[in-house]
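Descriptive structure summary
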Amino acid sequence: MIKTPAEIALMAEAGRLLASVFTHLNAMTLEGLSTLEIDRRVEAFIVDELKARPASKGQYGYGFVLNSSINQVVCHGVPSADDILKSGDIVNLDITLEKDSFIADSSKTYLIGSVGPQARRLVRTTYEALWKGIQAVRPGAKLGDIGFAIEKHAKQAGYSVVRDYCGHGIGRGMHEEPQVLHFGKAGTGVTLREGMTFTIEPMLNQGVRTVLTEDDGWTVVTSDGKLSAQFEHTVAVTKDGVRVLTLRPDEKRGA
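Residues numbered from 1 in each chain as written. Predicted model: local features only at pLDDT ≥ 70, side-chain atom pairs only at ≥ 80, totals over all residues. Heavy atoms only, no water.

The name recorded for the chain in an unreviewed UniProt entry is Methionine aminopeptidase, from Brevundimonas fontaquae. Quoted straight from UniProt, the Catalytic activity (unreviewed entry) entry for the chain says "Release of N-terminal amino acids, preferentially methionine, from peptides and arylamides." Recorded under Subunit (unreviewed entry), the UniProt text for the chain is reproduced unchanged: "Monomer." (UniProt positions renumbered as here; feature names shortened; annotations may be inferred.)

What the three strands build is an open sheet, ordered 2-11-10; its pairing is antiparallel. For this open sheet the edge positions go to strand 2 (73-75) and strand 10 (211-213), each flanked by a neighbour on one side alone. On average, each strand axis in the sheet is inclined to that of its neighbour by 40°, with strand direction left out of account. With two bridges connecting them, strand 2 and strand 11 (residues 220-222) associate as antiparallel partners. Paired with Val73 across the two strands is Val221, which belongs to strand 11. (Pairing = 2+ DSSP bridges. Helix = DSSP H or I, 4+ residues; strand = E, 2+ residues; numbered from the N terminus. Axes fitted to C-alpha atoms, helices over the stretch in contact; angles between N-to-C directions.)

Because each turn of an α-helix spans 3.6 residues, side chains separated by three or four positions in sequence point in the same direction. For helix 3 (residues 117-135), built from 19 residues, the straight-helix expectation of 27 Å at 1.5 Å per residue is met to within 8% by its first-to-last C-alpha distance of 27 Å. Every buried residue of helix 3 is listed here: Ala119, Leu122, Val123, Thr125, Thr126, Tyr127, Ala129, Leu130, Trp131, Gly133 and Ile134. (Expected span 1.5 Å × (residues − 1). Buried < 20%, exposed > 50% of the residue type's maximum accessible area, 1.4 Å probe, protein only.)

Here, the residues flagged by UniProt with the feature "binding site: substrate" (unreviewed entry) are His76 and His175. Within the annotated group just given, the residues that line the largest pocket are His76 and His175. Examined against the element boundaries, His76 turns out to sit in the loop between strand 2 and strand 3 (90-99). Classification of His76 by relative accessible area gives partly exposed; the value is 27%. If near-sequence neighbours (up to four positions away) are discounted, His76 is found in contact with Asn67, Ser69, Tyr165, Trp218, Thr219 and Val220. For His175, a relative accessible area of 42% corresponds to the partly exposed category. Look past the residues within four positions of His175 in its chain and what remains in contact with it is Gln59, Tyr60, His168 and Gly169. In terms of polar contacts, His175 uses its side chain to reach the side chain of Tyr60, at 2.8 Å. (1 Å grid on protein atoms, 1.4 Å probe; cavity = no way out; pocket = protein on both sides within 12 Å on 5 of 7 lines; lining within 4 Å. Contact = heavy atoms within 4.5 Å. Polar contact = N/O pair within 3.5 Å; in protein donor to acceptor, adjacent residues only side chain to side chain.)

Further remarks concern the packing of aromatic side chains. Summed over the entire model, instances satisfying the criterion amount to four aromatic pairs. Residues Tyr62 and Phe64 carry aromatic rings whose centres are separated by 5.7 Å and whose planes lie at 65° to one another, so their mutual orientation is edge-to-face. Overall, Tyr62 belongs to the buried group, its relative accessible area being 5%. Residues Tyr127 and Trp131 carry aromatic rings whose centres are separated by 6.5 Å and whose planes lie at 75° to one another, so their mutual orientation is edge-to-face. Pair noted here: Tyr127 and Trp131 are both in helix 3, with a separation of four residues, about one helical turn. (Phe/Tyr/Trp six-rings, centres within 6.5 Å; stacked < 30°, edge-to-face > 60°.)

See below:
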């Protein structure tokens, strides 16, 4: 689970490139686009402009470079020409990128057009919960501290945390140890050490935390049909805290 400084430098470069993909998306007008068209544009940017590999394509037999999870879709939404983003939608775009044999993983929930206040609040709280988890990372802390901080913030806002999916170690492999739960008890679990790299990627639901997988075997939706939102970053444990390897230029740390 421990990466050398040289390996973390390579992961940071993959993270920087992945952050630039989201900067590219930020400049697009997503309303009116199909999720398949977004997938094609992101693939072209990663391959042609960044000279990198979209790591999700081909992983576990998946045929696309991103997951596009709209409204009640919790995660693993499959890009489709039939899914046209419209005003009022929220959509999580989850993207992985490999450069020089190391992988970065990040996601952002976008607000499409005129989004209602309840959906905006869910998205804002989910982003805040991500940062609550990130701020719990430091050498000597426990993995449980991350999940505790996330779940506490979500529950205070009246939301539930999806338990079926979690963050994960990452490096040369997309999914490595440890598993990073987004709920839990402070002071429990693996002790964090300098050089660990993993994702934190909470999914918050407006209603109950339970989910269902649709017949395509990929798309996961809320069991009650209410909205879900997600944000994700890849982080590294440093000597005195945490480094967000996928931090985007438009972000203010912890904002």
